[in-house]
Amino acid sequence: MTAVVVAYSPDEYGEAALAAGAEEASRRSVPLVVVNATRGDAYVDPHFADADTIARLRERVGEVEVLQEVVPDVGAEVVRVAQERDADLVVVGVRHRSPVGKALMGSVSQRVLLDATCPVLAVKPRG
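These notes cover the structure that comes with them. Because the structure is predicted, anything quoted here is derived from the model rather than measured. In this convention, every chain numbers its residues from 1, walking through the sequence in written order. Where local features are concerned, this predicted model is filtered to residues with pLDDT of at least 70; where side-chain atom pairs are given and counted, the filter is 80 or more; whole-chain, interface and lining totals use all residues. Note that water and hydrogens are dropped before the side-chain values are worked out from all heavy atoms of the structure.

1. Considerations on the overall build of the chain
Looking only at helices and strands, the chain has five helices and five strands in total. Counting helices and strands in the order they occur from the N terminus, the chain gives β-α-β-α-β-α-β-α-α-β. Whereas a compact globule of 127 residues would reach a radius of gyration of roughly 14 Å, the chain reaches 14 Å, a difference of no more than 12%. Over its C-alpha atoms, taken along the principal directions, the chain stretches across nearly 40 × 30 × 30 Å. Burial analysis of the chain (127 residues in total) assigns 42% to the buried set. Only heavy atoms matter for contacts: two residues are in contact if any of them lie within 4.5 Å across the pair. Excluding contacts between residues fewer than 6 apart, the proportion of contacts in the chain whose partners are at least 24 apart in sequence is 75%. For the chain, the exposed area adds up to about 7400 Å²; of that, 52% sits on carbon and sulfur atoms. This count recognises Lys and Arg as positive and Asp and Glu as negative, with His and chain-terminal groups excluded. Every charge is mapped onto a representative atom, which is NZ of Lys, CZ of Arg, CG of Asp or CD of Glu. Charge separation in the chain, taken as the distance between the mean sites of 14 positive and 19 negative side-chain charges, equals 6 Å. The helix and strand labels rest on DSSP assignments: H or I over at least four residues marks a helix, E over at least two residues marks a strand, and numbering proceeds from the N terminus. Within these notes, the globule rule equals 2.2 Å times the number of residues to the 0.38 power, and the radius of gyration is based on C-alpha atoms. Residue burial is assigned from relative accessible area. The probe radius is 1.4 Å, only protein chains are included, and a residue is buried under 20% of its type maximum, exposed over 50%, and partly exposed in between. Using a 1.4 Å probe, accessible areas were evaluated by the Shrake-Rupley method; residue-level cover was limited to the displayed protein chains.

2. Concerning the pattern of salt bridges
Definition used for salt bridges: Asp or Glu carboxyl oxygen within 4 Å of a side-chain nitrogen of Lys or Arg. The final tally for this structure, using the stated rule, is ten salt bridges. A salt bridge links R27 to E24; its shortest N-O distance comes to 2.7 Å. A residue pair is termed a helical-turn pair when its members lie 3 or 4 positions apart in one helix, as R27 and E24 do in helix α1 (residues 12-28) at three residues. Under the relative-accessibility criterion, E24 is labelled buried at 14%. Residue E65 is joined to R85 by a salt bridge in which the shortest nitrogen-to-oxygen separation is 2.5 Å. In this pair, E65 sits in strand β3 (residues 65-67) while R85 sits in the loop between α3 (74-84) and β4 (89-93), placing the two residues 20 residues apart along the sequence. Here E65 falls in the partly exposed class, since its relative accessible area comes to 31%. Take R85: its relative accessible area is 12%, and that puts it in the buried class.

Okay, structure coming up:
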C-alpha cells in the first residue's frame, strides 16, 4: 500500500505539514497517514494532539488515518510507518534551530530527512 505520511504536531509547523501532505495525497490519489507520536517523557507533551485537535484535523482533511503512539524516538517512528506503508512521500514541518540547539538535541525532521527511504518534503509555515 502506498501513502503520504505526515509527521504532525499541533502547532504551526505540523499544520503546514498537514496541509501539504493532504494536498499531495489528494493529487496522488493515495491514503493520508498522520503520525503524531510522543516520547512520553513528560506528563504533558505539547506536540501530542488531544482528542479535540484530532477531531478538527479529521474535519479539515477528511479521510485520514491518525496514528498516536508513545515511542522512544519520534523521528524513527515516522520513518518506520513510512516504510511499513511503502510511502510515496513523507511530509515534515521544519522549524529554525540555533547551532547550539542543533548540536544538543535531535530533530524529528532531521532524522526523517536522513533516514527515510522515500522522498521527503520539508515545509515551513507561511509568513
